[in-house]
4 protein chains.
Amino acid sequence: MTDSRPRRRSERARVAILEATNVLLHDHGLENLSIEEIAATAGVGKQTIYRWWPTRPALVADALLHRDDLAPLLPKDTGDVVKDLSRWAGGLAESLGSDRGAATLRMLTAAATEHPEISRRLHERFSGPLQETAYERLSAAKEIKATPAQRRHAVDAIIGGMVYKVLSHQKLTRAGAAETVRIVLRGLGASV
Amino acid sequence: MTDSRPRRRSERARVAILEATNVLLHDHGLENLSIEEIAATAGVGKQTIYRWWPTRPALVADALLHRDDLAPLLPKDTGDVVKDLSRWAGGLAESLGSDRGAATLRMLTAAATEHPEISRRLHERFSGPLQETAYERLSAAKEIKATPAQRRHAVDAIIGGMVYKVLSHQKLTRAGAAETVRIVLRGLGASV
Amino acid sequence: MTDSRPRRRSERARVAILEATNVLLHDHGLENLSIEEIAATAGVGKQTIYRWWPTRPALVADALLHRDDLAPLLPKDTGDVVKDLSRWAGGLAESLGSDRGAATLRMLTAAATEHPEISRRLHERFSGPLQETAYERLSAAKEIKATPAQRRHAVDAIIGGMVYKVLSHQKLTRAGAAETVRIVLRGLGASV
Amino acid sequence: MTDSRPRRRSERARVAILEATNVLLHDHGLENLSIEEIAATAGVGKQTIYRWWPTRPALVADALLHRDDLAPLLPKDTGDVVKDLSRWAGGLAESLGSDRGAATLRMLTAAATEHPEISRRLHERFSGPLQETAYERLSAAKEIKATPAQRRHAVDAIIGGMVYKVLSHQKLTRAGAAETVRIVLRGLGASV
DNA sequence: GGCTAAGCGAGACGGTACGTCCTGTCTTTAC
DNA sequence: GTAAAGACAGGACGTACCGTCTCGCTTAGCC
């Protein structure tokens, strides 16, 4: 796979900018993030940032995409769909329920709000795979009789339930997430 | 009932500010909202805004709270909990699924992200009553055997499922919302 | 002699305002003097200041006029005009040459610059009597043959020489002032 | 001769700012001069002003220094010191005695009052050369027997006498200035 | 191996908005 | 009926950043 980035672009500068952005996002939050401080922190001219990223949200999205601690969890397939998805949701809840995870989720949400294109790219990387893997595990469960649309709604209810708790500052626990999974799957006809 | 707002505050200015904020939120979006323009539009000095609202998100929150087109829907009680909540969710989906509703929801979410206190107030006015009324309708359903915690998770899955669809730019339809309600309620033991 | 000030005016407030103005003039200087701080320091409403003084320079002028440490020195008449005016100028130099005196002189000058009417009133109280008393002592000296205009120019050269030294941050000493007096009086025909 | 100003500074902006300042000084006076209006008039960002001038008086001083109609007069040396200095003082009186000259002198004085550093720079450019050239002409006069200190006092009396008349809103005429010069020089031993 | 053009750091520029301070007017309440 | 208190519309302050623009320097990529 070839790199489509223009030649002559300084890899050093690119990485420094993305890392500075992540550091400053964490330190000051999305609202107080300035291009000027990113440039200073990265030891880079402002123009170098403007040369490669059209808008601030685009840079934020790239920076978040550049993080390597946000690899999506994959549900196992042990044959027991309820157990598998409960564990998967539990792991996710633990991650999103932590202070750091919640802050990141809120930031992602706000960044997505700023620009539809950003929203699309973040979805492609984060919520998309999340939905997709859960949907696939669900589809692999023979005992569940449901239309694809119903399975989609079920996945969205599970993920949305967790996201909603984080965004509204409610507690999100491993047990709560597992319980939600049990309710939804039972609703799809699984025996719990 | 006495007014607990500080005495001598100009009601004229207060209302003009909130209305200008709503107009400009609609016209330019949250990102391009400036206090200066609000003041100019409202025919008010900037200081009058800063005197009464500590931060921009606080003003945005108040402005959104001041809107009278966001009255929460109340689920009826016809005896059939599935039908009642499906209708309720359908109405909600219609409201949140519209362009205007979706934009407002994203704005509310972003504003809530900026400051925890704002988040609390918006929750108190919007998501809180939403959750509460759904929870109460659910609790009134004798045929459902579930713990209070399970009912809470169910409500969050339903609302969260809708909110999540809006935030991730998926279609949110009346039918989809009703389907989610059916899945979740069946998961709580309702006969659907 | 009756007081021409309007009846019912609060003497307490009037004095508090003038004294607060002098204190703040001394502490922050003319440039950083604000009506608001004067009102707060004097324990007075702003309106009370605006009711009785039309402009800030007018208040400053009144405040300076209210000071009792600026009584003009009177030259004695011992029969020796050179000695008398030298001593008088020496005393004046000592007063204007001190840090406090120089600061006050600069403030008076700047205040006079702001408004012609203020200038007139300050002149009437400060530089006027200064010129007048010196002029009279000079006129009383029989040995000096000079036209009234020449005497005026002489007085202005003496006072102006001192003021100029202060305004241009040169040293102003008792001896220097006396020397200037000797030069000017000899120029008028006095034997020195 | 190299330019010691920082490199890359825009000469266009610098000149536009100084000229706008002079225009607005003339139109509104020192008291009503705002940085904001200077920036707007000069077609410049406010920051560009604040980048190069620390305070408003510093800018005013530079603007006044930038004027080319304030070149100091040089006294001629025809051999007759009284005539030379009388003419010189007469020219100065005409300049300072005009409405425009008096306004400028008052402005200079007020600006100098605001900040000692400003005072120093204005002195260096205006009163310094004035004093210096007069002092030199005086020193070149062989018929005058006087110490250097006496000559300094004499010069200050002449200049101070004129400045004082302007500041205290007295008439300053060509004839009056010449008369003052005659008095002072006779006081130094010149034959008049 | 030398030439040359792009990319780079630096940072000044014309601007916009910030949040603060103060102006001079006004209204309310207390004495 | 004057005073203290303080909210109000307005406007300037000095700061922080925006996104654009030059300036020299460095360096990669082609002759």
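The model shown is predicted, which means the values in this text are computed figures rather than measured ones.

The rules behind the values
- Residues numbered from 1 in each chain as written.
- Chains lettered and ligands numbered in written order.
- Predicted model: local features only at pLDDT ≥ 70, side-chain atom pairs only at ≥ 80, totals over all residues.
- Heavy atoms only, no water.
- Helix = DSSP H or I, 4+ residues; strand = E, 2+ residues; numbered from the N terminus.
- Contact = heavy atoms within 4.5 Å.
- Expected span 1.5 Å × (residues − 1).
- Bend = angle between axes of the 7 residues up to and from the residue.
- Least-squares fit on C-alpha atoms with pLDDT ≥ 70 in both.
- Buried area = accessible area lost by both parts, 1.4 Å probe.
- Salt bridge = Lys/Arg side-chain N within 4 Å of Asp/Glu carboxyl O.
- Buried < 20%, exposed > 50% of the residue type's maximum accessible area, 1.4 Å probe, protein only.
- Near = heavy atom within 4 Å.
- Polar contact = N/O pair within 3.5 Å; in protein donor to acceptor, adjacent residues only side chain to side chain.
- Nonpolar A, V, L, I, M, F, W, Y, C, P; charged D, E, K, R; others polar.

**What to know about the overall build of chain A**
Step number 1: Scanning chain A from N- to C-terminus turns up nine helices and zero strands.
Step number 2: The order of α-helices and β-strands along chain A, N terminus first, is α-α-α-α-α-α-α-α-α.
Step number 3: The principal-axis extents of the C-alpha atoms in chain A amount to approximately 60 × 40 × 25 Å.
Step number 4: Of all intrachain contacts in chain A linking residues separated by at least 6 positions in sequence, the fraction that spans at least 24 positions is 67%.

**Some thoughts on helix H7 (residues 116-139) of chain A**
Step number 1: Its 24 residues give H7(A) an end-to-end C-alpha distance of only 30 Å, which falls more than 12% under 34 Å, the value for a rise of 1.5 Å per residue.
Step number 2: Roughly 50° is the biggest bend found in H7(A), and it falls at His123(A).

**What about the relation of the copies chain D and chain C?**
The operation relating the two chain copies consists of a rotation about an axis and a shift along that axis.
Step number 1: The operation relating chain D to chain C is a screw motion whose rotation component is 180°, with 0.1 Å of axial translation and a residual RMSD of 0.3 Å. Expressed as an axis order, the relation between the two copies is that of a two-fold axis. The rotation axis passes nearest to the C-alpha of Gly187(D) in chain D, at a distance of 1.8 Å.
Step number 2: When you check the interface residues of chain D against chain C, 94% turn up at the interface there too, and the contact is symmetric in its surfaces.

**As for the interface of chain B and chain A**
Where the parts come together, the accessible area they lose is often given as the size of the interface.
Step number 1: With 35 residues of chain B in contact, the opposing surface of chain A contributes 34 residues.
Step number 2: Taken together, both faces of the contact between chain B and chain A bury some 3,000 Å²; the carbon and sulfur share is 61%.
Step number 3: Summed over the three residues of chain B that lose the most area to chain A, namely His153(B), Tyr164(B) and Ile183(B), the buried surface amounts to 22% of that side.
Step number 4: Counting across the chain B and chain A interface gives two salt bridges.
Step number 5: Residue Lys165(B) is joined to Asp156(A) by a salt bridge in which the shortest nitrogen-to-oxygen separation is 2.7 Å.

**Thoughts on the pattern of salt bridges**
Step number 1: Taken as a whole and judged by the stated rule, the model has 48 salt bridges over all chains.
Step number 2: One salt bridge connects Lys46(D) with Glu36(D), and the closest N-O pair in it is separated by 2.7 Å. Separated by 10 residues along the polypeptide, Lys46(D) in helix H3 (residues 46-52) and Glu36(D) in helix H2 (residues 35-42) bring together distant segments of the chain.
Step number 3: Among the salt bridges present, the one from Asp84(D) reaches Arg137(D), with a minimum N-O distance of 2.9 Å. Linking Asp84(D) in helix H5 (residues 81-97) with Arg137(D) in helix H7 (residues 116-139), this pair joins segments that are 53 residues apart in sequence. Here the two residues Asp84(D) and Arg137(D) agree in accessibility, since each one is buried.
Step number 4: Connected through salt bridges with shared partners, the residues Asp77(A), Asp84(A) and Arg137(A) form a single ionic network.

**As for the protein's contact with DNA strand F**
Step number 1: Taken together, 36 residues form the shell around DNA strand F, and within it Lys46(A), Gln47(A), Ser10(B), Lys46(D) and Tyr50(D) come nearest.
Step number 2: Counted by atom, the contact set of DNA strand F within 4 Å of the protein is 61% sugar and phosphate.
Step number 3: Within the side chain of Arg51(B), an N or O atom sits 3.2 Å from a phosphate oxygen of DNA strand F.
Step number 4: Arg12(C) has a polar side-chain atom sitting 3.3 Å from a phosphate oxygen of DNA strand F.
Step number 5: Where the surface near DNA strand F is concerned, the elements lending two or more residues are helix H2 (35-42) and helix H3 (46-52) of chain A, helix H3 (46-52) of chain B, helix H3 (46-52) of chain C together with H2 and H3 of chain D.
Step number 6: Per element, the largest residue contribution to the surface near DNA strand F is five residues, and it comes from H3(B).
Step number 7: Along the lines of polarity and charge, the residues of the surface near DNA strand F split into eight nonpolar, 13 polar and 15 charged.

**What about the relation of the copies chain B and chain A?**
Step number 1: Rotating chain B by 179° and translating it 0.1 Å along the rotation axis places it on chain A, where the RMSD comes to 0.3 Å.
Step number 2: When the interface residues of chain B are mapped onto chain A, 94% of them are again interface residues, pointing to one common binding face.

**Notes on the protein's contact with DNA strand E**
Step number 1: In the vicinity of DNA strand E, 37 residues are found, and the nearest of them are Ser10(A), Tyr50(B), Glu36(C), Gln47(C) and Trp52(D).
Step number 2: Within 4 Å of the protein, atoms of DNA strand E come from sugar and phosphate in 56% of cases.
Step number 3: Take Tyr50(C): an N or O atom from its side chain is 2.9 Å from a phosphate oxygen of DNA strand E.
Step number 4: At the level of elements, H3 of chain A, helix H2 (35-42) and H3 of chain B, helix H2 (35-42) and H3 of chain C together with helix H1 (11-28) and H3 of chain D are the ones that each hand at least two residues to the surface near DNA strand E.
Step number 5: Here the surface near DNA strand E is built from residues that sort into nine nonpolar, 14 polar and 14 charged.

**Some remarks on the interface of chain D and chain C**
Step number 1: Counting residues at the interface gives 35 residues for chain D and 34 residues for chain C.
Step number 2: Carbon and sulfur atoms supply 61% of the area that chain D and chain C bury against each other, a total of about 3,000 Å² over both sides.
Step number 3: Contact with chain C buries area across many residues of chain D, yet His153(D), Tyr164(D) and Ile183(D) alone supply 22% of it, more than any other trio.
Step number 4: Counting every contact that joins chain D to chain C gives two salt bridges.
Step number 5: In this assembly, chain D and chain C are joined by 10 residue pairs in polar contact (both at pLDDT 80 or more).
Step number 6: At the level of elements, helix H6 (99-114), H7, helix H8 (148-167) and helix H9 (174-187) of chain D are the ones that each hand at least two residues to the side of chain D that touches chain C.

Take it as geometry only, folks, not as evidence of what the structure does.
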